[in-house]
Amino acid sequence: ARCSIRGEEGDLPYVTFFSALIEMWRGHVTDATQIAQDAMERATQLGGDIPLVVARTIRGPLAVYAGREDAARADLEAALAVGQRCGLNRLSVWQISALGFLDMSLGNYEAAIRTLEPLLKQLETAPDGTEIYVAGFVPDAAETLIQLGRLTDAQKLIERLELNGQRLDRPWMRAVGARCRAIWLAAHGDVRAAVEAAEHAMTEHDRLPMPFERARTQLLLGQLQRRSGFATPDAADRKSTRLNSSHITI
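What this report covers is the structure whose coordinates are included nearby. Nothing here was measured: the structure is a model prediction, and the numbers come from that model.

### Thoughts on a nonpolar patch on the surface
Phase 1: Together, Tyr-14, Phe-18, Ile-50, Tyr-133 and Val-134 give the surface a local cluster of nonpolar side chains, amounting to about 390 Å² of exposed area.
Phase 2: Within the secondary structure layout, Tyr-133 lies in helix α8 (residues 132-135).
Phase 3: On the basis of relative accessible area, Tyr-133 is assigned to the partly exposed category, the value being 33%.

### A short note on the environment of Arg-85
Phase 1: Turning to its location among the elements, Arg-85 is positioned in helix α5 (residues 69-86).
Phase 2: Residue class for Arg-85 comes out exposed when judged on its relative accessible area of 58%.
Phase 3: In this structure the C-alpha to C-alpha distance between Arg-85 and Ala-43, which are 42 residues apart in sequence, comes to 18 Å.

### A look at helix α6 (residues 89-105)
Phase 1: For α6, which comprises 17 residues, the first-to-last C-alpha distance of 25 Å matches the rise-based estimate of 24 Å (1.5 Å per residue) to within 8%.
Phase 2: Counted residue by residue, α6 has 15 buried out of 17 residues, so it is predominantly covered.
Phase 3: The first or second residue beyond α6 is Gly-107, which carries a positive phi of 80°.

### Some remarks on the pattern of salt bridges
Phase 1: This structure, assessed with the given rule, holds 18 salt bridges.
Phase 2: Between Arg-73 and Asp-103 there is a salt bridge, and its shortest N-O distance comes to 2.6 Å. Here Asp-103 lies in helix α6 and Arg-73 lies in helix α5, a separation of 30 residues in the sequence. You'll find Arg-73 and Asp-103 in the same group, each marked buried.
Phase 3: When the shortest N-O distance is used, the salt bridge between Glu-204 and Arg-207 registers 3.4 Å.
Phase 4: Connected via shared salt-bridge partners are Asp-140, Glu-143, Arg-179, Glu-213 and Arg-216.

Cut-offs and rules
- Residues numbered from 1 in each chain as written.
- Predicted model: local features only at pLDDT ≥ 70, side-chain atom pairs only at ≥ 80, totals over all residues.
- Heavy atoms only, no water.
- Patch = residues over 30% accessible without salt bridge, like charges linked within 9 Å, V, L, I, M, F, W, Y side chains within 5 Å.
- Areas by Shrake-Rupley, 256 points an atom, 1.4 Å probe, with all protein chains shown as cover.
- Salt bridge = Lys/Arg side-chain N within 4 Å of Asp/Glu carboxyl O.
- Helix = DSSP H or I, 4+ residues; strand = E, 2+ residues; numbered from the N terminus.
- Buried < 20%, exposed > 50% of the residue type's maximum accessible area, 1.4 Å probe, protein only.
- Expected span 1.5 Å × (residues − 1).

Listed below in structure tokens is the structure:
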């Protein structure tokens, strides 16, 4: 409203983006969807690349969470292409992150890590930069690397989340870092330690009002508890060291 009153319509797409992001993080999907619809209508009315890229960058992740693969790819790939052409690089991290999470959720791990590779390279230049605003992709990248058997590479990302989370006392880093550590431990066959790590992650989620992330950790903890409850694991449990916390939708 203040943007409109002050004639600062140019700032409105960014205000809209962060408003939608907060609603998505808090699990208010209906509110986020309404913001996305309003943003798309405004972009159609105003014209220009920036409003449309912002609107698609909002709408794409919502489609990912809802499991609408084709709609998600259409919005995110279009936004990424236009944004790169126009130099809107600050938004590209969100588009790439959402595409990587989509492929990871579908079990397309090779495609996911290829998508996330540019962001991982950027992280190498600023290893302490794991705030959610610039590095929300890190836990998904770590989980993907674990699924690919690249445990050493995954460990480096997990340690960054853990160290920076402790240093800055960021509940998000501490929660997702512990969740990734649990998956990593399970991949090494130490299910008991993995359960403890997942339980620790749940305590960190108590300070983190992000229900989707909490649900991912709850799902993982349930899988781990099931495995640890067998004195003699059945064939499926012996065969499977791949635990994926992303196969849920809001």
